[in-house]
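Analysis of the macromolecular model
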Amino acid sequence: MTVDLLVIGGGMAGLTAAATAATAGARVLVAEKGDHTGGSAVYAGYAWTAPTVDVLREVNPDGDQALGARLVDGFPGGVEWIRSLGVDCRPAVTVLGYGRGHQFDTNHYIARCEQRIKEHGGQVLTRTRVTSLLSSGAAVTGATLRLPDGSTQQVDARWTLLATGGYQGDPDLRASLIHPRARDIELRGNPWSTGDGLRLGQAAGAAFGTDGAGFYGHLIPAGVPLSDPSLYVDLALYFSQHSLLFNLDGERFIDETLGDHLTTIALVHQPQARGLLVADAAAYRDHITQSYVEGAPKLDRFALASRRGARCAVAHSLDELDDMPPEWGYPGPKIRAAIEALDGPVTEPPFYVLEAAPAITFTFGGLLITPDARVRAAEGGVIPGLLAAGADAGGLYHNAYAGGLAAALVFGQLAAQTALTR
């Protein structure tokens, strides 16, 4: 089989690239190893990013600035592409305080991309694994696929796109590339993103970056398994930026107001990767029981955590923190004294105490790319014929975050444009 664009991975980035290229007349094949397409996008609902390049630089100073500019500049066109497929994309709202984005039905979008690919003669294969990339000299020229029946098929391709969604589904890679304690954290995304794109790219000579980039995730109640994807959002403790977080030594280790997604990265590096959130009545009233973003349903996340068996309690005064259960392992008097020494933000009783742990959605480290989604070679230059997008691409974010679906959307489109014009 010979195609213009072989896409490895059927998530947001891969299907966006494939549908864009197919619409322009390219011969396209998508190989997805999971039972269905969509990846982790099926659990999300907002495409958003920073409204300007300056804002993105402020919240993501260590990210690749050229990639960041492409993200911001390409986002409006990405939104129009979503709408062009007949998918409802709601008016813009504020996200995480600094971003702007649109709520849309990601499942509808995935279905429409698949439909567009097939309408233009392309193929979408599920339960299909890529065993190796094909090459001619330094260039990637396609891949060998293992089909659901166990047979193999060689696909020759002018361009091959790695879009397998990152490596968050592989505990060993999490431990080696993020932190040893990341091995055991909960996964709040699809189980099939286990680093296939990273391994394939590095085998072809791709550069990895950047070390210590971190990941995107959220705090969840410690000890509560994410057994149902519907819990990915419901159990996320978005209110942590309006709380105080203490490690097992009774010490704060990050400015919580930076955002729950950054506090989550920091908690992985703390003893046993767990910590104690303390919020007051104002946080409970204004944040814990409210929508995390405009348009989302209201939910009492503290009550839900309690029903799920998390370690949580309500203290009617700070003095009651001294009586924290010994089996929890936290020095209650030390935490109480630390809160009393602060001039806010936790002042209004009662106080809501909840043990939290990090959960990972997708990784930031990946294959380094150019602004047109070409994969950089470890020895310099680019690898001819090889593209990467979505969480397989690294460099965009470094211990910062300004939208995952937006990045997959924009760089999926850029990958398709490169495949069409070069």
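The rules behind the values
- Residues numbered from 1 in each chain as written.
- Predicted model: local features only at pLDDT ≥ 70, side-chain atom pairs only at ≥ 80, totals over all residues.
- Heavy atoms only, no water.
- Helix = DSSP H or I, 4+ residues; strand = E, 2+ residues; numbered from the N terminus.
- Rg over C-alpha atoms; globule rule 2.2 N^0.38 Å.
- Buried < 20%, exposed > 50% of the residue type's maximum accessible area, 1.4 Å probe, protein only.
- Contact = heavy atoms within 4.5 Å.
- Areas by Shrake-Rupley, 256 points an atom, 1.4 Å probe, with all protein chains shown as cover.
- Axes fitted to C-alpha atoms, helices over the stretch in contact; angles between N-to-C directions.
- Left-handed = near helix turned anticlockwise from the far one by under 90°.
- Nonpolar A, V, L, I, M, F, W, Y, C, P; charged D, E, K, R; others polar.
- Pairing = 2+ DSSP bridges.
- Salt bridge = Lys/Arg side-chain N within 4 Å of Asp/Glu carboxyl O.
- Phe/Tyr/Trp six-rings, centres within 6.5 Å; stacked < 30°, edge-to-face > 60°.

What follows deals with the overall build of the chain. Assigned secondary structure in the chain consists of 12 helices and 20 strands. Whereas a compact globule of 422 residues would reach a radius of gyration of roughly 22 Å, the chain reaches 22 Å, a difference of no more than 12%. Projected onto its principal axes, the C-alpha coordinates of the chain cover approximately 70 × 40 × 40 Å. Here the chain holds 422 residues, and the buried ones make up 58% of them. Sequence separation of 24 or more characterises 71% of the internal contacts of the chain that already satisfy a separation of 6 or more. Entry remark: accessible area of the chain is about 16100 Å², with carbon and sulfur atoms responsible for 48%.

Right, let's talk about the packing of helix H1 (residues 12-23) against helix H4 (residues 106-119) for a bit. Direction vectors running N to C along H1 and H4 enclose 35°, while the axes themselves pass 8 Å from each other. For H1 against H4, the interelement crossing comes out left-handed. Mapping the contact onto sequence places Met-12, Leu-15, Thr-16, Ala-18, Ala-19, Ala-22 and Thr-23 in H1 and Tyr-109, Ile-110, Cys-113, Glu-114, Arg-116 and Ile-117 in H4. In the contact of H1 with H4, the residues fall into 9 nonpolar, 2 polar and 2 charged.

Three or more residues of helix H6 (residues 196-203) are buried, namely Gly-197, Leu-198, Leu-200 and Gly-201. Its buried side turned inward, H6 meets strand S1 (2-8), strand S7 (129-136), strand S9 (152-162), helix H5 (171-177), strand S11 (208-209) and strand S17 (366-368). Just beyond H6, the residue with positive phi is Gly-205, at close to 100°.

Turning to the pairing of strand S8 (residues 139-146), a few remarks are in order. Here S8 lies mainly inside the structure; 6 of its 8 residues are buried. Bridge count for S7 against S8 is 7 bridges, and the pairing is antiparallel. Each residue of the ladder has a partner; that of Arg-129, found in S8, is Arg-146. In this sheet, S9 lies alongside S8 in antiparallel orientation, the contact comprising 5 bridges. In the sheet register, Gly-142 faces S9, and the bridge partner there is Asp-156. Between the antiparallel neighbours S8 and S9 lie 5 residues, among them Gly-150 with a positive phi of about 95°.

What follows covers the side chain of Thr-418. The residue Thr-418 is located in helix H12 (residues 404-421) in this model. Not counting the four nearest positions on each side in its chain, Thr-418 is found in contact with Trp-159, Asp-372, Arg-374 and Leu-387.

For Gly-97, the location among the structural elements is in the loop between strand S4 (93-95) and strand S5 (99-103). Gly-97 sits in the exposed class, given a relative accessible area of 67%. Here the alpha-carbon distance between Gly-97 and Gly-45, two residues 52 residues apart in the chain, equals 17 Å.

Below, the discussion takes up the sheet that holds strand S20 (residues 393-394). Reading across the sheet, the 3 strands line up as S11-S17-S20 and stay open at both edges, with mixed pairing between neighbours. This sheet does not close on itself; its edge strands, each paired only once, are S11 and S20. Along the sheet, H6 contacts S11 and S17; its crossing angle with S17, the most-contacted strand, is approximately 40°.

Read across the open sheet, the 3 strands follow the order S3-S5-S4; overall the sheet is antiparallel. Lying at the two open borders of the sheet, with one neighbouring strand each, are strand S3 (46-49) and S4. The sheet shows a mean angle of 40° between the axes of neighbouring strands, direction not considered. When S3 meets S5, the two strands line up antiparallel, connected through 4 bridges. Within S5, the position partnered with Trp-48 by the bridge is Gly-101. Across the sheet, helix H3 (residues 65-84) lies against S3 and S5, angled at about 10° from S5, the strand it touches most.

Tallying each qualifying case throughout the model produces 16 salt bridges. Its salt-bridge partner being Glu-114, residue Lys-118 comes within 3.4 Å of it at the nearest N-O pair. With a gap of 4 residues between them, Lys-118 and Glu-114 both fall in helix H4, about one helical turn apart. On the accessibility criterion, Lys-118 (47% relative accessible area) is partly exposed. A network of salt bridges, in which partner residues are shared, links Lys-33, Asp-170, Asp-196 and Arg-199.

Before going further, it helps to spend a moment on the packing of aromatic side chains. Following the criterion strictly, the structure yields 14 aromatic pairs and no others. Ring geometry for Tyr-216 and Phe-362: centres 5.5 Å apart, planes at 45°, overall tilted. Of the two residues, Tyr-216 is situated in strand S12 (residues 215-221) and Phe-362 in strand S16 (residues 351-363); the sequence distance between them amounts to 146 residues. For the pair Tyr-216 and Phe-362, one class covers both residues: buried.

Without other data, these values stay purely geometric and don't point to any function.
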